[in-house]
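# Residue-level structure breakdown
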Amino acid sequence: MASFGWKRKIGEKVSKATSQQFEAEAADDKDLGDDDDTNWVHAAKRRKEILLEDCVRKSKELKDEGANLAENRRYREALVKWDAALQLTPEDATLYEMKSQVLMSLHEMFPAVHAAEMAVQRNPRSWDAWQTLGRAQLGLGEIALAIRSFQVSLHIFPMNPEVWKEDLSWARKLQEQQKATKTELVQALAKGKESIPDYDFESDEIVAVCAAIAEKEKALSAAKTMVIVSASGTVETVTEQDNCPATPDETLFIRAR
């Protein structure tokens, strides 16, 4: 009977050199896999960068096209171009600032203020965005807010003569006129209130007139007037005093009030 023995392990007869070669090839395959992962990540980043570059390039083209249209007073078409550009680059403050200018040219002040506020939010250091916001606010009659916006614009760019000499100066002039108008209105209301006569209902003249009217009413109420129609059809008006004799017999006359 054959004796029992352990089975040989797989690879037991593989030489050491073959084993080392196998391990080296496995390491190469692993490195190659790592390189593939790295290349894939790099390719994805590159594709994203290319996409962003395309968006920026296309947005710039649309911005320039809109600017040319706006210069030719084709404002509605310019807005369409800039809205398309904002879909590609929604953080571009310049697009919002240009859009606000065109909306003011179209006398659409509420959208103009909104667009300028969007520009300021995206780039608070843009002096021209603050200037445009101030002009839009001035178009709405918000003089105090416009003055503040112009002051912020000057704080960013103090040497801007346009904001200093034109925008801020004009806004302050309007503010002074507004204050003067309010003062005149208050004075006119006060003067009108003073012109209303203050009647003294307890004066001697008023009391005398009221007494005379009361006496007349008393005299009229003391005298009673009756219309009497006889049986034959004769109509007679009789004034009855309190101390007068008795009225005719009601069997002979029909009394009509």
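For the structure, check the block above.
The following paragraphs examine the structure supplied in this document. Since this is a predicted model, take the numbers as computed values, not measurements.

Basis of the calculations
Residues numbered from 1 in each chain as written. Predicted model: local features only at pLDDT ≥ 70, side-chain atom pairs only at ≥ 80, totals over all residues. Heavy atoms only, no water. Helix = DSSP H or I, 4+ residues; strand = E, 2+ residues; numbered from the N terminus. Buried < 20%, exposed > 50% of the residue type's maximum accessible area, 1.4 Å probe, protein only. Contact = heavy atoms within 4.5 Å. Core = buried A, V, L, I, M, F, W, Y, C linked by side-chain atoms within 4.5 Å. Axes fitted to C-alpha atoms, helices over the stretch in contact; angles between N-to-C directions. Parallel < 35°, antiparallel > 145°, perpendicular 65-115°, else oblique. Left-handed = near helix turned anticlockwise from the far one by under 90°. Nonpolar A, V, L, I, M, F, W, Y, C, P; charged D, E, K, R; others polar. Salt bridge = Lys/Arg side-chain N within 4 Å of Asp/Glu carboxyl O.

Turning to the overall build of the chain, a few remarks are in order. In terms of regular secondary structure, the chain is built from eight helices and three strands. Listing each helix as α and each strand as β along the chain from the N terminus yields α-α-α-α-α-α-α-α-β-β-β. Here the chain holds 257 residues, and the buried ones make up 24% of them. Contacts in the chain between residues far apart in sequence, at least 24 positions, make up 41% of those at least 6 positions apart.

Counting 28 residues, the largest nonpolar core has A70, W82, V102 and L133 as its most contacted members. Listing elements by their share of this core, those giving two or more residues are α1 (16-71), α2 (75-88), α3 (93-105), α4 (109-122) and α5 (127-139). When residues in this core are grouped by element, the largest group, eight residues, is from α4. Among residues more than four places away in sequence, those in contact with W82 are L62, K63, G66, A67, A70, L95, M98, K99 and V102. Formed by ten residues, the second largest nonpolar core is a distinct cluster that contains F150, L154, V163 and A171.

It is worth spelling out the packing of α3 against α4 at this point. Following both chains from N to C, one finds α3 and α4 inclined at 160°, their axes separated by 8 Å at the closest point. By the criterion of interaxial angle, the relationship of α3 to α4 is roughly antiparallel. In the crossing of α3 with α4, the sense of the turn from one axis to the other is left-handed. Along its contact with α3, which presents A93, Y96, E97, S100, L103 and M104, the element α4 presents M109, P111, A112, A115, A116, M118, A119 and R122. A breakdown of the residues in the contact of α3 with α4 according to their chemical character gives eleven nonpolar, one polar and two charged.

Okay, the environment of G66 next. One can find G66 in helix α1. Using a relative accessible area of 0% as the deciding quantity, one classes G66 as buried. Residues G66 and L95 lie 29 residues apart in sequence; the distance between their C-alpha atoms is 9.6 Å. Those residues within four positions of G66 in sequence are excluded, and the remaining contacts are A78, K81 and W82.

Counted by the stated rule, this structure contains ten salt bridges. The shortest N-O distance in the salt bridge between R74 and E77 comes to 2.6 Å. In this structure R74 comes out as partly exposed when scored by relative accessible area, which is 39%. Since its relative accessible area comes to 38%, E77 is described here as partly exposed. One salt bridge in this structure joins D167 and R135, with 3.0 Å as the shortest N-O distance. With D167 in helix α7 (residues 161-195) and R135 in helix α5, this pair connects stretches of sequence that are 32 residues apart. Through salt bridges with shared partners, one network takes in R135, E162 and D167.

Once that is clear, we can look at the environment of I156. Of note, I156 is situated in helix α6 (residues 143-156). For I156, a relative accessible area of 18% puts it in the buried group. Considered as a pair, I156 and S126 are 30 residues apart in the sequence and their alpha carbons are 7.6 Å apart. Apart from residues lying up to four places away in sequence, I156 is in contact with P124, R125, S126, W127 and W130.

Right, let's get into unusual backbone geometry. Even without being a glycine, R73 presents a positive backbone phi close to 65°. Along the chain, R73 falls in the loop between α1 and α2. Located in the positive-phi region is H107, a residue other than glycine, with phi close to 60°. Counting through the fold element by element, H107 comes out in the loop between α3 and α4. Here H107 falls in the exposed class, since its relative accessible area comes to 66%.

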